[in-house]
Amino acid sequence: QVHLVESGGGLVQAGGSLRLSCAASGSTARIDSMGWYRQAPGRQRELVATISPGASTNYANSVKGRFTISRDNAKNTVYLQMNSLKPEDTAVYYCKASWGIFGSWGQGTQVTVSL
């Protein structure tokens with residue numbers, strides 16, 4: 001079992017920055033890739049960014065150049081640095097840990113960007 005806890009969400013003005021953290025516990029040795037997803041009201045959950053064990057990254061086009069995903073394998077933690085935030089970035093952000101065909105989700109953290 002892998003347990004994930006996100007933190008760092010909040011309310012920020014457009015153009016501001018936030019840093020999300022996701023700490024993994026439990027059977028962390030099995031974790032392969034980790035990622036951040038988000039879900040806005042009335043919309044499907046979408047991928048924001050993923051990072052492999054070797055630190056290869058993948059980003060949604062909408063966040064490229066503004067968001068940076070990173071991971072600290074020693075701390076079993078993944079981060080999402082979000083800069084130049086826009087109102088359309090408002091959503092609940094979820095962390096996911098994946099291994100094979102399996103995965104585990106965090107409970108989510110709210111990010112709200114005001115004009």
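Scroll up to find the structure.
In this text the structure is predicted, and so the values were computed from the model without any measurement.

**Some details on the state of the cysteines**
Now for step 1: For the structure on display, the rule yields one disulfide.
Now for step 2: Across the disulfide, C22 is cross-linked to C95 (sulfur-sulfur distance 2.1 Å). On the sign convention where negative is left-handed, the bridge of C22 and C95, at about -80° about the S-S bond, is left-handed. Taken together, the residues span a long stretch of sequence, with C22 in strand β3 (residues 18-26) and C95 in strand β9 (residues 91-99) at a distance of 73 residues. In this pair, the class of C22 matches that of C95, namely buried.

**What about the packing of aromatic side chains?**
Now for step 1: In this structure the tally under the stated criterion is two aromatic pairs.
Now for step 2: Each ring, one from Y37 and one from W105, has its centre 5.0 Å from the other, and the planes form 65°; the classification is edge-to-face. With a gap of 68 residues between them, Y37 in strand β4 (residues 34-39) and W105 in strand β10 (residues 102-105) connect regions that are remote in the sequence.
Now for step 3: Taking the centre distance of 6.4 Å and the plane angle of 85° together, the rings of Y94 and W105 count as edge-to-face. One end of the pair, Y94, is in strand β9; the other, W105, is in strand β10, and eleven residues separate them in sequence.
Now for step 4: Ring-pair connections join several aromatic residues into one group, and the members of that group are Y37, Y94 and W105.

The rules we used
Residues numbered from 1 in each chain as written. Predicted model: local features only at pLDDT ≥ 70, side-chain atom pairs only at ≥ 80, totals over all residues. Heavy atoms only, no water. Disulfide = S-S within 2.5 Å. Helix = DSSP H or I, 4+ residues; strand = E, 2+ residues; numbered from the N terminus. Buried < 20%, exposed > 50% of the residue type's maximum accessible area, 1.4 Å probe, protein only. Phe/Tyr/Trp six-rings, centres within 6.5 Å; stacked < 30°, edge-to-face > 60°.

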